[in-house]
2 protein chains.
Amino acid sequence: MKKLTVELKDRSYPIIIKDGALNEVKALLDEHLGTGRRHFVITNKTIAKIYKNFLDGFKNVVTIDDGEEFKNFKTFEFIIGELLKAKIERGDCIIAFGGGVVGDMAGFAAASVLRGVDYVQIPTTLLSQVDSSVGGKTGFNHPLGKNLIGAFKQPKLVIIDPKTLDTLDKRQIKTGLGEVLKYAFIEKTATDKDFRMFDYLKSLQKKATGNLYENLKSHWQEIIYMSVSMKAAVVSKDECEKGLRAILNFGHTFGHAVEKITDYKKYTHGEAVAAGMVMAFRAALKRKLIDDTYFREAVNLISSYELILDDMKNFDKEKMFEAMKSDKKVSHAKIKLVLPFKPLEVQLFDDTEELLIKDSLL
Amino acid sequence: MKKLTVELKDRSYPIIIKDGALNEVKALLDEHLGTGRRHFVITNKTIAKIYKNFLDGFKNVVTIDDGEEFKNFKTFEFIIGELLKAKIERGDCIIAFGGGVVGDMAGFAAASVLRGVDYVQIPTTLLSQVDSSVGGKTGFNHPLGKNLIGAFKQPKLVIIDPKTLDTLDKRQIKTGLGEVLKYAFIEKTATDKDFRMFDYLKSLQKKATGNLYENLKSHWQEIIYMSVSMKAAVVSKDECEKGLRAILNFGHTFGHAVEKITDYKKYTHGEAVAAGMVMAFRAALKRKLIDDTYFREAVNLISSYELILDDMKNFDKEKMFEAMKSDKKVSHAKIKLVLPFKPLEVQLFDDTEELLIKDSLL
C-alpha cells in the first residue's frame, strides 16, 4: 500500500493506492469521511456489470451510459435529477466509481448539486488513476470542445485499486500510458523528490521478456504511485491552473489537435498524447532548447511503449494548426506550448513560430 | 456613495453603492478588474430594452428571457453556448446585469464555463441589490425545487445603482422589501456594528406622509447600504453556509413553503418572506423565546410595510409542513428554523415540534 496527500490547506485529501483496496472501500470511507453519511455512487453500465457485487453494497447507485459521447449536458442533467429524486442532502457524499468520464461528471455533479456536496474518487482505469481522479478538474464536453463546462472541485479522498486494471484490454491501458510517460518527462519541474521515473520506465521496457504490457501488470502500484505523486505535487502548488499546472499539459496541445482532427476515434488519448510529446520534442529540438541526445532518448522511450503508430505521419498542417488554436488554454489567440528545455524539465513557451510548430508535426 | 468590502481573504471584493453608478461602469471595471479584459454581459430582454444605450457600449451581450421560469437547465445551456461561440477565454470577465435570475444564472455560468472566469454583479432590482448579488450564491432551479443546482462563486466586484429602482413598480419593490426587513431583525446576530436598522425602518414608515413606497425612494442608498453591510458581514464569517449564514434564511423556511404551495405566483418573494417572518415570530412566541412586546413591535413593523396581505390566512397545515420538509436546508429530515430569541437576535433551532410549527402558520 502507498499513501500520499494532495496538500491544499483545508481542501487537502489523501490518496490511497493498494492492490485490493476495493474490498476495503466501506472501511476507508468511514475512516476518512466519518460514519453515518449516505453514499451516492455514480458509475456506468459497463462498470456496473463487472462490479455488480461491489455495487450491491450501496443503496443509491446512479448508472450512466459508457462512453465519452455521453459526457454532456444531457447526462449531467440526468445525474442531477437522479440525485435529487433520491433526496440527496448537503451532508451526503458522492462516490465516482469508474473511468474519467464518470469521475469528471460525478465530480461536477458533486460541485453543483445543492451548490456542492463532498465526493470521493474510485477510479477504475489507468487514465483516471494516474490523471483525472486527482486534482479536482471536473466537468463535461460541449459541441464546441472538450471539458468546456466544469469546476475545480477537489475530492475528499481518492481510492486506487490497481487490481481493477486487470479487466482492461491493451487499448484501454494505452489510453492511460501517455500520461504515465508524460510524468517521466516533467519530473524535475514537477517535484523536488527523486523518483527517477524515466529510468524506471526504461528499465521496465528493457526487462520485459516477451510482452511489455503483461510485464507492466506487476508494476502498476509503483507506476501509479510515482505518477500520482507528481500530479499531487503540481496541483498542490497550483490548484486552479494559473501557472505551473500547465506543465501537466505537456504533449497535450499537439495531442488534443491530433484527437480533434481524427474525431477522437482513431487513436487512444495515450497515443495522441504520445504523438503530441514527440511533436513537442521535435519543436524543442528545432528551437535548440534540447540537444539531440536527449531528443533521441526521449523519443525512443515513447516509441518503445508502442504508442507511436505507423500511420501517425503527414498530419494535415493547416487542420492541426487550426485545432491547436481552438484549444481552451489559448490566451489572446496565442498558442502556448509546454516544451522540454533540459532533460526531465519543461516550461510554458508562448513564442513558438507558426512555421516551426507546423514543421514539428509528425 | 457608499463602499464596503466582503472580506474573504483572496476572494474579497468591493461593493459600490452610488446613485448614477451605471454611468461609471466602464471606469469602475477598469479600476477594479484591470484594463484590456473582454467583457461578456448577460442580461434579459426586459432590461435590454430599458438600458439599450448602456448595453450598446458592450460588444458581447447575451440576452435571456425574463422570468423565474427561465432559470433552468435550458437557459444555462444557452448562455454557455453563447459564451463559447463568442470564444470566451479564461482571462475574460462576465457581467451580470439584471435581477436575481440574471445574477444567479450569469454567476453559475461564470463558475462553470472553462471551469471558471471572473464575474461582476450589476443588480438592477431591489431584491438582487440587497440579497442575491452579494455572497456568491449562484445557480438555477430544478423541477424538484429552487436553486438545487449551482455553486458558491464570489463576484470580483458589485456595482449597485439605486437609481435603477426608479423603473420598478410597487410589486417589484415589494419582492425585495421582505429581505430588507429581515436584515433589521437579525442585525445583532449579523454584525457588531450598530446600524439600528429596525429604528430606521420604523422612522421611515412613520415619517411617510401619504405614500410609504414613494418616500422610500430618497432612502434607497442608505437602506441598501445597511442591508448589504449585514449580508457582507455574515458571508465573510461563513461563505459556504456551514453555520452562521443560515440566519439569512430567517423567515425563509416558512416563506419558501408559502411560495411553493401557491405555485410561486400569488405572492411576491418579499410578501412570502414577510409572512414567513411573522410565522417565525409566532413560533418563537409560542416557544417563549421572545416576549409579547417584541413580538408585537416586530409584527407591526412588517405589517406597516404592506407586505402582509388580507388573504394570508388559513394556509393548509399539511401542505405547508410537507413543503417545509422538502426545503434543501433540511438535514436528516429535520426541519431547522431560524427563530428570534431576543430583540434583533436570531438563531437556528432544530427542535421545534411539528404541532407547534403547524400552530404558528398564518
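Source: prediction; values computed, not measured.

Side note on the packing of aromatic side chains
Within this structure, the stated rule accounts for 30 aromatic pairs over all chains. Ring centres of Phe108(A) and Phe108(B) lie 6.3 Å apart, and the angle between their planes is 0°; this geometry places the pair in the stacked category. Remark: Phe108(B) occurs in helix α5 (residues 100–112) and Phe108(A) occurs in helix α5 (residues 100–112); the pair is interchain, linking two chains. We note that Phe108(A), like Phe108(B), is buried. Centre to centre, the rings of Phe76(B) and Phe108(B) are 4.9 Å apart; their planes meet at 25°, and the pair counts as stacked. Of this pair, Phe76(B) sits in helix α4 (residues 73–85) while Phe108(B) sits in helix α5; the two residues are 32 residues apart in sequence, bridging distant segments of the chain. Pair check on accessibility: Phe76(B) and Phe108(B) agree, each one buried. One cation-aromatic arrangement involves Lys26(B) over Phe58(B); the distance from NZ or CZ to the ring centre is 4.3 Å. Here Lys170(B) stacks its cationic end above the ring of Tyr213(B), 4.8 Å away from the centre of that ring.

Let's talk about the relation of the copies chain A and chain B
When chain A is fitted to chain B, the residual RMSD is 0.0 Å, and the transformation amounts to a turn of 180° plus an axial shift of 0.0 Å. Read as a symmetry element, the transformation amounts to a two-fold axis. Comparing interface residues between copies, 97% of those in chain A also lie at the interface in chain B; the contact surface is shared.

Some details on the interface of chain A and chain B
The accessible area lost on association of the parts is a frequent measure of interface size. Between chain A and chain B, the residue contacts involve 32 residues of the former and 31 residues of the latter. Buried area between chain A and chain B, summed over both chains or domains, comes out near 2,800 Å², and the portion from carbon and sulfur atoms is 59%. On the chain A side of the interface with chain B, the three residues burying the most area are Phe73(A), Arg90(A) and Arg115(A), jointly 27% of the side's total. Linking chain A with chain B are two salt bridges. The closest approach of N and O atoms between Arg90(A) and Glu241(B), which form a salt bridge, is 2.7 Å. Inspection of the chain A/chain B interface yields eight residue pairs in polar contact (both at pLDDT 80 or more). Within the residue set of the side of chain A that touches chain B, elements represented by two or more residues are α4 (73–85), α5, β7 (137–142) and β8 (145–152) of chain A. Here the side of chain A that touches chain B takes seven residues from α4(A), the largest share from any one element. Its residues placed into classes, the side of chain A that touches chain B shows 15 nonpolar, nine polar and eight charged.

Calculation notes
- Residues numbered from 1 in each chain as written.
- Chains lettered and ligands numbered in written order.
- Predicted model: local features only at pLDDT ≥ 70, side-chain atom pairs only at ≥ 80, totals over all residues.
- Heavy atoms only, no water.
- Phe/Tyr/Trp six-rings, centres within 6.5 Å; stacked < 30°, edge-to-face > 60°.
- Helix = DSSP H or I, 4+ residues; strand = E, 2+ residues; numbered from the N terminus.
- Buried < 20%, exposed > 50% of the residue type's maximum accessible area, 1.4 Å probe, protein only.
- Lys NZ or Arg CZ within 6 Å of the ring centre and 35° of its normal.
- Least-squares fit on C-alpha atoms with pLDDT ≥ 70 in both.
- Contact = heavy atoms within 4.5 Å.
- Buried area = accessible area lost by both parts, 1.4 Å probe.
- Salt bridge = Lys/Arg side-chain N within 4 Å of Asp/Glu carboxyl O.
- Polar contact = N/O pair within 3.5 Å; in protein donor to acceptor, adjacent residues only side chain to side chain.
- Nonpolar A, V, L, I, M, F, W, Y, C, P; charged D, E, K, R; others polar.

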